Amino acid sequence: MDHFLYRDGVLCAEDVAIDDIAAAVRTPFYLYSTATLERHFRLFDEALEGLPHLVCYAMKAASNQAILKTLAGLGAGMDVVSGGEYARAVAAGVPGNRIVFSGVGKTQAEIRAALVNGIRQFNVESEPEMRAISDVAVSLGVVAPITIRVNPDVDAKTHAKIATGKSENKFGIPIARARDVYAEAAALPGLKVVGIDVHIGSQLTDLAPFELAYTKVAELTEALRADGHEISRLDLGGGLGIPYARSNDAPPLPTDYGALIKRCVGHLGCEVEIEPGRLIAGNAGILVSRVIYLKSGEGRDFLILDAAMNDLIRPAMYEAYHDIVPVMEPPAGVELAAYDIVGPVCESGDTFAKGRMMPPLAEGDLMAFRSAGAYGAVMSSEYNTRPLIPEVLVHGDQYAVIRARPTFDEIINRDTIPAWL
Ligand code: LLP
């Protein structure tokens, strides 16, 4: 459930009519609902009730400071994957002891910055990275808390570009080698092993792959304890999927996921961390755009919007489906027609949907892409020198621009001309 509903014929975000925001901010823009963000965070937090736990929001999904502050205020930790995300989390007021650092290639500079400022744990992805973390920690005279990300060789049954738990993927160390790698970690002077980490992929719509992976982690916990390691923390990653098409799919709920976690690892007495991103932010955000032109092509009609692939890359990159609805509610029972919904960028890949059945539309109409809160704004670019679009946050009957649209001059003046020109 989200807080984007039609009221008196107009799509509203909580208590604000979206056409009012569009008139003030100008399209296209991202729009987030505070109530939905909060609700989704609480669903996870409550699903793990009874276990010592920390929900570390995977801020790669949507990392605006205002979103981070909203979640941090509820007690969220953060899962970061770069020095930039670490700095953003700190700037939003998240204490280091609530930040876990994931990512396949942490640089020495990133490791140092996190150790100096404070970190809950590094989720180590490889042996060379583990040695680098130890070296940096020793040079600073501190000890780095780590988990090691194991690759359980489980098929997450999701899009190939976002599956991470098969042995052919670049992530983690093969679970079969884990005992040797933990033995080396325990011998390194700058490290303190605190647990195990796993993350098998994103947009999982079935709990079975989680169950397989978490069962393997539980077995590994026992084996590592028998080897003398103190395994007190399990980071179980993110990945729970969301409904993109309202009409059909209904992925498992956070409560089902929480029950599964309790069943698989609850008996181990470990503190549990999870790293959900998409489920917290995805349906808490929409992309609002306007129809520029209706164009009749050869046997098909194009709806040309003012948003493009640079603003929302998911359809072009993952063949992702997003519900696209008019902001003005169409009358019930109105006849639908097929449109190819596209942006103005000079690539055929700049297509959001093909043959999508839509109610009658006209130039100037406002459209909303649902489920665009996760991996939307954060993956946008200024391709075609199209300015990064604003982000807006609604809170009850208030709204605020939380990232302004840059001017053309601001964009152009980021370039510097060398002296020889
Ligand atoms: N933890 C780690 C280590 C991850 O790599 C990810 C996502 C997450 C947590 C959060 O997963 P989530 O709960 O959001 O599924 N850009 C793609 C998704 C990439 C996901 C990358 N890693 C998309 O638009 O579908």
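Please read these numbers as outputs of a predicted model, since none were measured by experiment.

It is worth spelling out the overall build of the protein chain at this point. Scanning the protein chain for helices and strands turns up 12 helices and 21 strands. Against the compact-globule benchmark of 22 Å for 421 residues, the protein chain has a radius of gyration of 23 Å, which places it among compact chains. Seen along its three principal axes, the alpha-carbon backbone of the protein chain occupies a region of about 70 × 60 × 40 Å. Counting the 421 residues in the protein chain, one finds 55% classified as buried. Residue pairs in contact within the protein chain that sit at least 24 positions apart in sequence constitute 70% of those at least 6 positions apart. Treating the 38 positive side-chain charges of the protein chain as one cloud and the 54 negative ones as another, the clouds have centres 3 Å apart.

Turning to the sheet that holds strand β2 (residues 10–13), a few remarks are in order. Strand order in the open sheet formed by three strands is β1-β2-β3, and the pairing between neighbours is antiparallel. Of all the strands in the sheet, just β1 (4–7) and β3 (16–17) have a single pairing partner and so form its edges. As judged from the two bridges shared by β2 and β3, these two strands associate in the antiparallel manner. In the sheet register, Ala13 faces β3, and the bridge partner there is Val16.

Together, Val116, Leu140 and Val142 make up an exposed nonpolar region whose accessible area comes to about 230 Å². Checked against the element boundaries, Val142 lands in the loop between α6 (127–140) and β9 (144–151).

What the largest pocket holds in volume is close to 570 Å³. Forming the boundary of the largest pocket are 28 residues, of which Lys60, Thr164, Phe171, His199 and Tyr375 lie nearest the centre. In the lining of the largest pocket, the residues fall into 10 nonpolar, eight polar and 10 charged. For the lining of the largest pocket, the two domains that each supply at least three residues are domain 1 (4–31 + 282–412) and domain 2 (34–279).

For the rest of this paragraph, the subject is unusual backbone geometry. Excluding glycine, a negative phi dihedral is what most residues carry, and trans is how most peptide bonds are arranged. A cis amide bond links Thr27 with the next residue in sequence, Pro28, at an omega value of -10°. Structurally, Pro28 is set in the loop between α1 (18–25) and β4 (29–33). The phi angle at Glu14 is positive, at roughly 50°, despite the residue not being glycine. For Glu14, a relative accessible area of 10% translates into the label buried. Backbone geometry places Ser371, a non-glycine residue, at a positive phi of 55°. By the element assignment, Ser371 lies in the loop between β19 (366–369) and β20 (391–395).

A few words on the pattern of salt bridges. Scanning all chains against the criterion turns up 17 salt bridges. A salt bridge links Asp79 to Lys60, with the shortest nitrogen-to-oxygen separation between them at 3.8 Å. Taken as a pair, Asp79 in strand β6 (residues 77–80) and Lys60 in the loop between β5 (53–58) and α3 (65–72) lie far apart in primary sequence, 19 residues in all. In this structure, Asp227 and Arg179 form a salt bridge, with 2.8 Å as the shortest nitrogen-oxygen distance. With Asp227 in the loop between α8 (208–226) and β12 (233–235) and Arg179 in helix α7 (residues 178–187), this residue pair connects regions lying 48 residues apart in the sequence. Assessed through its relative accessible area of 43%, Arg179 is described here as partly exposed. In the salt-bridge network here, residues are joined through shared partners; they are Arg120, Arg233, Glu271 and Glu273.

Quick notes on the rules
- Residues numbered from 1 in each chain as written.
- Predicted model: local features only at pLDDT ≥ 70, side-chain atom pairs only at ≥ 80, totals over all residues.
- Heavy atoms only, no water.
- Helix = DSSP H or I, 4+ residues; strand = E, 2+ residues; numbered from the N terminus.
- Rg over C-alpha atoms; globule rule 2.2 N^0.38 Å.
- Buried < 20%, exposed > 50% of the residue type's maximum accessible area, 1.4 Å probe, protein only.
- Contact = heavy atoms within 4.5 Å.
- Lys, Arg positive; Asp, Glu negative; His and termini not counted.
- Charge placed at Lys NZ, Arg CZ, Asp CG, Glu CD.
- Pairing = 2+ DSSP bridges.
- Patch = residues over 30% accessible without salt bridge, like charges linked within 9 Å, V, L, I, M, F, W, Y side chains within 5 Å.
- Areas by Shrake-Rupley, 256 points an atom, 1.4 Å probe, with all protein chains shown as cover.
- Salt bridge = Lys/Arg side-chain N within 4 Å of Asp/Glu carboxyl O.
- 1 Å grid on protein atoms, 1.4 Å probe; cavity = no way out; pocket = protein on both sides within 12 Å on 5 of 7 lines; lining within 4 Å.
- Points joined across faces, edges and corners; volume = space filled by probe spheres on them.
- Nonpolar A, V, L, I, M, F, W, Y, C, P; charged D, E, K, R; others polar.
- Domains from an automatic or database assignment.

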